[in-house]
Structures are given as C-alpha cells and as structure tokens.
Number of protein chains: 2
Amino acid sequence: MENILGREVPDFIEGYGSVKHFTGAFANLGERKKVATKIQSAVPGNRKLLSSVTEAIAKTGVKDGMTLSFHHHLRNGDQIVNLVMQAVADMGIKDIHLAASGIFACHEPLVPLIEKGVITQISVNTFNPGPVAVAISKGKLQKPAILRSHGGRPRAIESGEMHIDVAFIAAPSCDESGNLNGTRGKSACGYLSYAYSDAIYADKVVAVTDNLEPYPNCPIEIGQDLVDYVVAVDSIGDPKGIVSGTTQITTDPINLRIAKQAAKLIDKAGYVKEGMSLQTGAGGTSLAVAAEMRDYMLQRGIKGSFGSGGIHAYFVDMLKAGLFRALFDVQCFDLAAIASAAENPRHMAMSASMYGNPHNRGCVVNNLDVMLLGATEIDTAFNVNVITGSDGIILGASGGHNDCAAGAKLTVIVTNLLKGRLCVVKDSVTTVTTPGETVDALVTEWGVAVNPRRADLLRALEGSGLPVIDICELRKKGEKLTGTPKEPAFTDRIVGVVEYRDGTVIDVVRQPAG
Amino acid sequence: MENILGREVPDFIEGYGSVKHFTGAFANLGERKKVATKIQSAVPGNRKLLSSVTEAIAKTGVKDGMTLSFHHHLRNGDQIVNLVMQAVADMGIKDIHLAASGIFACHEPLVPLIEKGVITQISVNTFNPGPVAVAISKGKLQKPAILRSHGGRPRAIESGEMHIDVAFIAAPSCDESGNLNGTRGKSACGYLSYAYSDAIYADKVVAVTDNLEPYPNCPIEIGQDLVDYVVAVDSIGDPKGIVSGTTQITTDPINLRIAKQAAKLIDKAGYVKEGMSLQTGAGGTSLAVAAEMRDYMLQRGIKGSFGSGGIHAYFVDMLKAGLFRALFDVQCFDLAAIASAAENPRHMAMSASMYGNPHNRGCVVNNLDVMLLGATEIDTAFNVNVITGSDGIILGASGGHNDCAAGAKLTVIVTNLLKGRLCVVKDSVTTVTTPGETVDALVTEWGVAVNPRRADLLRALEGSGLPVIDICELRKKGEKLTGTPKEPAFTDRIVGVVEYRDGTVIDVVRQPAG
C-alpha cells in the first residue's frame, strides 16, 4: 500500500514480517511496555574471564539463527565485529542476525560472510558508505536490512521487537568482573552509550577488552551486574579510525555563506537566547553554524544549556568557555571529545534511549531548541533522505536524523543545493528517512526555504534580508542548472526496510536495477 | 513447617501469600527473569513540573490498594514519606503498601496512618528502632511487614514480586525534566542508589525536590527518561538527620580490644594483602577495625581495591590516602561521605541491585574479601539476628547484613558478648536474619569463636595468640555471667515476614505476648 507520505510499502515483507505503517511523526506514543529480560545469576567465586572470543561464543551458546549485537563507538577503527563474526563463521555457525549500531568501511570482511550465509540479516542505525552497504544494495543479504535511527534501535530492543541473544561490547577499559568504560585505555573511544540497552536487554553479555584493569575499574559505564563474561584480546580497534569522516569546519566559501545564513535564520527565529540548546552533526557546514552560534553567544553574553549528540571539539570548547552548562554525549567524534568525556563531569553520557527513544518518559531530543542536519535529498514536502544516493545505492542510515528532527523546536537542513551535477531538492526523494512535518527550514546557497507549516517562522524572517524562497522554486532553480535528473530504476526486491524511530515502516529500499 | 534452620514458618501467611521456604544461602540461583515494565511515552512539549504533591498523587492515579515506594538516603531527616503519605490520607486513599527502603524515628507520623488503615502493608530493608517498628510489633499493621535485605529489595522489584505503582524519589537536585542527583543541594544526602530500581520498574515515577536546577542538571543519577513528574517543595529533609546513629570509632576500651582482635584475625587469616577489599557498617567497633586495617595497610605499604556499602569518613580518608582504588557507595552515612561522592570520581555509586542482588550477573558483595558486621543475637550455629530484640520487639531489618555475609570471603561478627544484662550468644536466636553458613567468625571481649565449617580459618589461627573458643563454650561463659535468659513469649500472629535476599522466607516475626 501507499503510506501517508505516498511511499509504496507492502503490508508484509519477506524476511521482515508484518509492517506497521508510518502514520505521522507523533502518532505512535502512549503507553508502552519494556520487555522482560533474562539473566543467569552469578555464582559467587566463579570467574568471568575467558581465554578467547571462541570460548565466549561457545559459553554463551551462540547458534544458528541468533541475533548478536555490537556498538560502533570505535567507528572505522573497530576490530571486534570482524573478529567475533569470523570466529562465529569458523565455528560453522550461520544465519546470524547482526545487530550492529554502526557499520563502516572497515567491516569489509563481513561481505564474504554475507555471501556465505553466515550473516543473513543486518540491523543498523549508522552506516558509512562502503562495501557492506553496497553488498546489501546488490541484494547479497538474504533478508532485508533494517535501517533504524539512534533512538529507534533502543526502542526496538527495549520493546522486545529486536531480541538480542548475545551482546559483544568492545570495552576500552574493563576489569575481570565486567565493570567497563569507553573513555580510558589505549583504544579509548568515548562513552559507549549505544551499548547500554544491549547490556540491559541481551540474554548474554560479553565484554571484549584490550585493557584489563585491576578491580574495580573506574569509572563504570556498564556494571558487573550486567556482564556475563570478559575476554581479553590484543586490540579492540585502532583509535585513529574513530575520527572517520570530516569533523572540521568547512573552508569552502559557499558553505560558509550557507552557515552564516543558517545562523541568521536561527537568530531571527528567536532561538539565540539564554538557555539555548544546540545539536550539530559532524559535517563541515553544520560545524560552521556552531561556530557562528558561539560568536553570537559570546557577543551577547548568552549562556546556553546544552549541546548534544555526537560530540566534537567545537562543543568541547564551548563547554569549556561556559557557553553550555553541560554536554549530552552518545558518541565521541574526535579525540578532543574523548579526552573531555574522561575528564569533565559536565560532559555527560546519555544512553541512546535517553537520547532519542520516543517511547520513554522524555528523551533529550525533546529538550533541544535547534538541530542542524544535512541531507542527501529533500523533497518539496521537506521529507529528507540520508539513506540512499540518487543512484539508489545505500549510503547511510538515519543516525539521529529523524530523532532530532522530531524533538527539536527548530530543525534546519543545511546543504548545497547543487551536489556534483545533481539538485538536492526533488519532487520526490529516493528514500524517506525523516518526515517533512518535522523539518522546518532548508538553507542552501541558492536560498532559504521554510516549511509552510511554520507560518510563525516565515513571519519572523520577514525583513530579515534572508533570501527566502519557496521550496518548489528552489527545486526549479536547481534543476534549471543541473537539468532534469534521471531517476534510478529499481527491481521489486526489497533490500532495506526503513523504520521510523517509533518502529513503523516509513519507507523501503529496493534493489537498484542493473 | 520447620525450615532447614529449624524455624517454624507456615506455607501460607495471610496478607503475604504462599511461602517459598529458605533452603540454603546459595540454593536459589540459576536463570531468573526481570519483569517487563510499563511507561507512558512523553509527548514532546509537555511539562513535567507539577504544583504540589497532591497534584502528583492525582496525576499518577494513586488509588486504594496501590504500592508506593520511597528511598531512605535522607535517613532520620527525611520529610517526603510523611508528606506524601499524609497527602494520600487527606485525599481519602487507603490500603496502601508502603515500600520504603528505610524507616526511621522521624516517620512517627505514619503510626496514626497505620492505625487508620491508610497504610496496611510495609516492606522495608532498613529499620531504626522507633515508633513504626513498635507499632508493627504491636500488631497495628493489617498485613505482616516484609523485612528484606538491601539486595533483596531490588531483587523483589526486578523479579516483579514487589510491583511498585508509583515511586516518589526525594531529589536533593533536579531539573524540570527530571534529571536528578543526591549529592548536590541544601538537602544533599549522597547517592540515591536504593531508588534506582524503583525508577526503572515503577509504573510512574515522581521526583520531589527542594532544589530545582536549570536544565540540564548535572551530574545525573536518575535520568529524565525514567521520570514522569517533578514536584518542587520547600524542603525534602533535614540534612542533620542524615547522620543518624553513631558513625564514630568507639572509645570504649573493651570494644577497642574486640576491634584489635578482629583485625588480628583478619590478618592471620591472610586477608591483609594487596588488593584487599573491606566493608564495615557504621558501628563504632566495626569502624575501629577499619582503623586497624588502615594501620596495617600503611605499615606494610598495601594498597587495597575497594571499600563498599554505606560510606563514612573513615573510608573517604582511606580513599584519599590511596589505600583503596575506589569506593562503592549505596548510601552516605555522614557529611564527609556526601562531599566525597560529589567531588571524587573514584567514590562511585552502585545500585542496590549491583550491590547485593543475588539474581544478577555478579553483585559487588561477591567481590568482597572482608565484611565486619554487628549482631543483636547470634546462635551456636552462627545464625545472626539483627531484627528483633530479646523482648521480641522489632529493632531493625537486614540492611546489607545477609547480602554481605553471603558474598564476602570472610564475614566477622564483632560484638560485646554481654549487652545490658544479656548474653548475645544463644542456643537459638529470636529471629534469623543471616544464616550461619555465611558467617565465619565471632569476636567478643570473652573470646573468638570460629564457625566449624571454616576449618581453614581455625588452622590459620593456631598459634596466633587469639583467644579461640568454641561458640557453645562462649555461650556458657556468657550465660554464667548473665544468668539463663528469660525467653520472650509470643502470640501466634505473624507481624513480620523475614525474606532472605533470594526471596525465600528465612523466618517470621510473631507478635510478642502481653
């Protein structure tokens, strides 16, 4: 059937099951259950330390068809997913559901495991362009990948929709009883927020560390009450790989102009004020907006409340400068953030559930004033795609995109209108990640488009000097310059199911033709 | 029936239900479920701040027969239990199960509410002698009180055996979204560890604070994802009342001699060594043993691993002196501990579940080397009573007593043999709190008795010069001095059910006759 956004989504998807259709960003709240969990009581005196990942796989009873989970704070430096999955393959186990919060280029060794049927399903909420994403797009995975948001993943775990049999937690610092943290050790990667739900809800929990500390390890992010086994290995990852992608302010003059206009929009809309809160991704233009915000705040003597999300050096500096009371961290994007998380008590961890799960008593995105986001494509109804390229190949997953857009009082997309030879604004995006009802404005080098739902915002921008333009006009302007885009062709096969943060299916990804 | 300790416990207790009988300290481990929980999803933009406790009672739907929970970190200074329960009474609500982790003398205003049937059941794990305990002993409560341990309470909550309808959390520091902590503010009382399970498992959670901080409050012990409502009141408690009972080293020469002998026993048993861990209560003799341990460690250049439990100035000093790597805190016993919890990252909170719940993947008591405990009575099989006086009146609850005795490698009871005109060692204790199989030694001014199960310990003490004596001889010696004790008489009515930490019933408290 066609959902309310006009996306063609079947009621049942082979390898996924029955579909709950997307019915609006805030249509699925109300009372919810968090599922019962199962634990094996510790026997006093029993040791948790095992000699190898293989022993952990055996002891936790991993077998065909199970779901194994991982977190992605080591990002493109992670070595644990490959290590564990290769050991699983070597033990002859197959048909595994890989529930990794993130998958990066470094996970290329998973491709042959997908081809051999060791991995037959993948659930993921952070995806960097690379071989695994391409393999999924090419239909190599037996079941459709489930593409979630940062808040949607813990929601799925906590509701029981994604039951984890065994969680493997890469731990930069851990003691023999399983008290672990991510901020210390040679492979320190920052807070392990995405793994918190896994540790609480998985049937079995294995900490894998390259830094066994004397008991008790301190501080503790995940405690011994949640950990069944500890395995020491030589290396859990390469910290150099943590800083993947750009976390530098753009130097491109066009992008800097976009950033200045976005900042002006935020100001004119009334959000530059005492107690303001802000989140940016790690993109160069978003960071440039953060720098503009900082200047406004310094000039006017404004103290904000918090910065949140993936934390980078720019937010660390703003915290140090007293421009934020605190930071809420789900992952560290750079080494300055990791150091700050280790040292500064006002740089706080939050679980991914506390960050963005709509089905709890109040997630942090709901407290957010301003969210700056990127887009691969945006349509004239302000629906955003950050999942597929215009060729239909999977490039990413929602990450915090649709969580923050739903929660923030002002969600601004900052992007070049023209990328390569393509216009970012389209009549219809290839895939919907984030519904237009949660997106307020789009700032490009060719003008600023405001969602007509935000009449208040349009009024606030009157006389601002900002080049406000209707989004349809912006599309026409872009297409005039790029020519009418060639739409990619798709087969009928569904290779990805895009779950909105509330667990409804907002779209599907079909396999590109040819 | 008579249980394995010879205690007469029926299979069914009116107002409690079917009894699972105690079958041994480690007989009930294995796989366990943690129950599903229920939450009301936040609606973005909705405010949590309510104007009064009465409004919170109304909004959370408190009604007859419900279970309301409270934590006791404000100890004898707490004002929230009385405030909320009086408001409940004023609203005409009755038949409430009061699930307070601790009840103190300051809770005397609950007695008329018990008499009126507003409160008909009480579950508690810390009890100071006082009016509520006396009222229960006199049979005023309609249903038997359930007396648990610090680890048994979260076990009961997490297993679903004790379902909490509404948790009221006294919060010394809280923001409007419900991020709260116990270590800051005019009523700072230290970490709120006992309340963690309540916040996770209760259907509704209300934070009551006298210190509303700007968002986001920092640090966060219980996060906004768990809190439904916030109420600001003038005062949650009197910090002077936190330091209730003695937390001073004894100056009594007899007690000091007991402490010296206990320390020597610990040393001869081989526990004074690198990485040692230690827990004491707040009793003057236990603290004197801690001081002896400190001296041994300093003299020998030994660095311990951790001190745990209720934290006091002596442990804070040992942490500062580098004699412990860290402290594990479930409650602060004095103002020095509260200050340390607020400032020192190595002074760590642990949930009561992580502290002592036998049904998780490893509680901290299992890592404990040496535990020093007091006793109201101890029998010749080393079973200990800390619940009832020799007159049968309720004086206390287990607290961490049976949790720590079960977990620690060496559990030492330190007490005067003669208290008032009574001998502490008896043929049979009035009530069993802690089974003798988990108690290793008793140190008194009249000799040191070792549990015959610990043949290794007896051997280690040979030639130590310690006055080792059979516990039966010790009883004879004591009774010779005091005369044969007059046993209290009891009616058949059960006024208290003593749950062992694993949820089995180890004993019952009957109403004293006359």
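Residues numbered from 1 in each chain as written. Chains lettered and ligands numbered in written order. Predicted model: local features only at pLDDT ≥ 70, side-chain atom pairs only at ≥ 80, totals over all residues. Heavy atoms only, no water.

**Some details on the interface of chain A and chain B**
Point 1. Every contact between the two is made by 58 residues of chain A and, on the other side, 58 residues of chain B.
Point 2. Carbon and sulfur atoms make up 54% of the area that chain A and chain B hide from each other, which totals about 4,800 Å².
Point 3. Of all residues in chain A, Ile39, Asp225 and Arg361 of chain A give up the largest surface area on contact with chain B, accounting jointly for 19% of the area buried on that side.
Point 4. Counting across the chain A and chain B interface gives four salt bridges. (Contact = heavy atoms within 4.5 Å. Buried area = accessible area lost by both parts, 1.4 Å probe. Salt bridge = Lys/Arg side-chain N within 4 Å of Asp/Glu carboxyl O.)

**Looking at the pattern of salt bridges**
Point 1. In total, this model carries 52 salt bridges over all chains according to the counting rule given.
Point 2. For Arg148 of chain B, the salt bridge is made with Glu499 of chain B, and the minimal N-O distance between the two is 2.8 Å. One end of the pair, Arg148 of chain B, is in the loop between β11 (145-147) and α5 (152-159); the other, Glu499 of chain B, is in strand β30 (residues 490-499), and 351 residues separate them in sequence.
Point 3. The exposure class assigned to Glu499 of chain B is buried, which follows from its relative accessible area of 3%.
Point 4. As a salt-bridge pair, Arg454 of chain B and Asp440 of chain B come within 3.1 Å of each other at their nearest N and O atoms. Of this pair, Arg454 of chain B sits in the loop between β29 (447-450) and α13 (455-460) while Asp440 of chain B is found in the loop between β27 (425-426) and β28 (441-444), placing the two residues 14 residues apart along the sequence.
Point 5. On the basis of relative accessible area, Arg454 of chain B is assigned to the buried category, the value being 13%.
Point 6. Here the salt bridges share partners, and the residues they tie into one network are Lys20, Arg148, Arg155, Glu161 and Glu499 of chain A. (Helix = DSSP H or I, 4+ residues; strand = E, 2+ residues; numbered from the N terminus. Buried < 20%, exposed > 50% of the residue type's maximum accessible area, 1.4 Å probe, protein only.)

**Considerations on helix α2 (residues 80-90) of chain A**
Spacing of three or four residues puts side chains on the same side of an α-helix, whose turn is 3.6 residues.
Residues and elements named next belong to chain A.
Point 1. Among the 11 residues of α2, eight are classified as buried, and the element is accordingly described as predominantly covered.
Point 2. Every buried residue of α2 is accounted for by Ile80, Val81, Asn82, Val84, Met85, Ala87, Val88 and Ala89.
Point 3. The first or second residue beyond α2 is Gly92, which carries a positive phi of 80°.

**Observations concerning the relation of the copies chain A and chain B**
Point 1. Once chain A is rotated about the relating axis by 180° and shifted along it by 0.0 Å, it coincides with chain B to within an RMSD of 0.0 Å. With respect to symmetry, the two chain copies, as superposed, fit the operation of a two-fold axis. Among all residues of chain A, the minimum C-alpha distance to the rotation axis is found for Ala36 of chain A, at 2.0 Å.
Point 2. Taken as a fraction of all interface residues of chain A, those also at the interface in chain B reach 100%, which identifies the copy contact as same-surface. (Least-squares fit on C-alpha atoms with pLDDT ≥ 70 in both.)

**Remarks on the pairing of strand β12 (residues 166-171) of chain B**
Residue and element names in this part refer to chain B.
Point 1. The buried fraction of β12 is high, at six of six residues.
Point 2. Side chains Val166, Phe168 and Ala170 of β12 all project onto a buried face; the interleaved residues Ala167, Ile169 and Ala171 project onto the opposite face, where all are buried too.
Point 3. Note that strand β6 (residues 67-70) and β12 share two bridges and pair parallel. Bridging from a neighbouring strand, Ser69 pairs with Ala167 of β12.
Point 4. Inspection of the sheet shows β12 paired to strand β15 (residues 204-209) by six bridges, in the parallel sense. Among the inter-strand pairings, Ile169 is bridged to a residue of β15, identified as Ala207. (Pairing = 2+ DSSP bridges.)

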